[in-house]
Amino acid sequence: MSSTFKWANFSRLTARILGLIFGILIFIFALLSGAEAYGNDFMAILKNSPNALPWPFFLLLIWLAWKNEFLGGTIITIIGIAMLFLFQIIGNFMISTFVIILMVLFIGNLFLLSWWLRK
């Protein structure tokens, strides 16, 4: 097995694992973090669920990148760049937002790296 193929497998596996773990953890955090304003029950979580809607979409993109690394990685990277500009323009730019955006960009670029090393 060549060194390039090993790096391609490593970047693919890293992107998949990081994407799933990151997406699921951020989804759960977004789902639960604002629910206490509505109460401490299941209905409070349902009322807060629109805050978590972008993250199932991110997990869907991870699934797409799992099937087609170039297409999924490109879309994830473009969305990360768009998030960077969007939060910069809105003026609600915090370091935690920046770290989340960097993670999205990193995962997208890992999928693109894996695709590039395999072609």
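Structural data are supplied above this passage.
Here's a quick rundown of the structure. (Residues numbered from 1 in each chain as written. Predicted model: local features only at pLDDT ≥ 70, side-chain atom pairs only at ≥ 80, totals over all residues. Heavy atoms only, no water.)

With respect to the helices and strands, Ile89 occurs in helix H4 (residues 69-90). With 53 residues separating them along the chain, Ile89 and Glu36 place their C-alpha atoms 29 Å apart. (Helix = DSSP H or I, 4+ residues; strand = E, 2+ residues; numbered from the N terminus.)

Under the criterion given, the structure shown has one salt bridge. Arg12 is the partner of Glu69 in a salt bridge, and the nearest nitrogen-oxygen pair spans 2.5 Å. With a gap of 57 residues between them, Glu69 in helix H4 and Arg12 in helix H1 (residues 3-33) connect regions that are remote in the sequence. Exposure remark for Glu69: the relative accessible area of 8% places this residue in the buried category. Judged by relative accessible area, which is 24%, Arg12 ranks as partly exposed. (Salt bridge = Lys/Arg side-chain N within 4 Å of Asp/Glu carboxyl O. Buried < 20%, exposed > 50% of the residue type's maximum accessible area, 1.4 Å probe, protein only.)

Turning next to the nonpolar core. For soluble globular proteins, nonpolar side chains are generally found buried alongside one another. Of all hydrophobic cores here, the largest spans 16 residues; its most connected members are Phe22, Trp55, Phe58, Ile76 and Phe111. Residue assignment for this core shows that the elements contributing at least two residues are H1, helix H3 (54-67) and helix H5 (95-118). Discounting chain neighbours no more than four positions away, the residues touching Ile76 are Phe58, Leu61, Ile62, Ala65, Val104, Gly108 and Phe111. (Core = buried A, V, L, I, M, F, W, Y, C linked by side-chain atoms within 4.5 Å. Contact = heavy atoms within 4.5 Å.)

The subject of this paragraph is H5. The α-helix advances 3.6 residues per turn, and as a result positions three or four apart in sequence lie on the same side. The terminal C-alpha atoms of H5 lie 35 Å apart, and with 24 residues this matches the ideal 34 Å at 1.5 Å per residue to within 8%. Residues Thr97, Ile101, Val104, Leu105, Ile107, Gly108, Leu110, Phe111 and Ser114 constitute the buried set of H5. The inward-facing, buried residues of H5 abut H1, H3 and H4. (Expected span 1.5 Å × (residues − 1).)

All right, on to the packing of H3 against H4 then. Running from amino to carboxyl end, H3 crosses H4 at an angle of 150°, the nearest separation of the two axes being 6 Å. Mapping the contact onto sequence places Phe57, Phe58, Leu61, Ile62, Leu64, Ala65 and Lys67 in H3 and Glu69, Leu71, Gly72, Gly73, Ile75, Ile76 and Ile79 in H4. Its residues assigned to classes, the contact of H3 with H4 comprises ten nonpolar, two polar and two charged. (Axes fitted to C-alpha atoms, helices over the stretch in contact; angles between N-to-C directions. Nonpolar A, V, L, I, M, F, W, Y, C, P; charged D, E, K, R; others polar.)

With that out of the way, let us pick up the packing of aromatic side chains. Scanning all chains against the criterion turns up five aromatic pairs. Seen in terms of ring centroids, Phe22 and Trp55 are 5.8 Å apart; in terms of plane orientation they differ by 85°. Their pairing is edge-to-face. Of this pair, Phe22 sits in helix H1 while Trp55 sits in helix H3; the two residues are 33 residues apart in sequence, bridging distant segments of the chain. For Phe22, a relative accessible area of 13% puts it in the buried group. A ring pair is formed by Trp55 and Phe58, whose centres lie 5.6 Å apart and whose planes are at 70°; its orientation type is edge-to-face. In this pair, Trp55 and Phe58 are both assigned in helix H3, three residues apart and thus about one turn of the helix distant. Here Trp55 and Phe58 have matching classes, each one buried. Among the aromatic residues, ring-to-ring pairing joins Phe22, Trp55 and Phe58 into one connected group. (Phe/Tyr/Trp six-rings, centres within 6.5 Å; stacked < 30°, edge-to-face > 60°.)

Coordinates in, geometry out; function isn't part of it.
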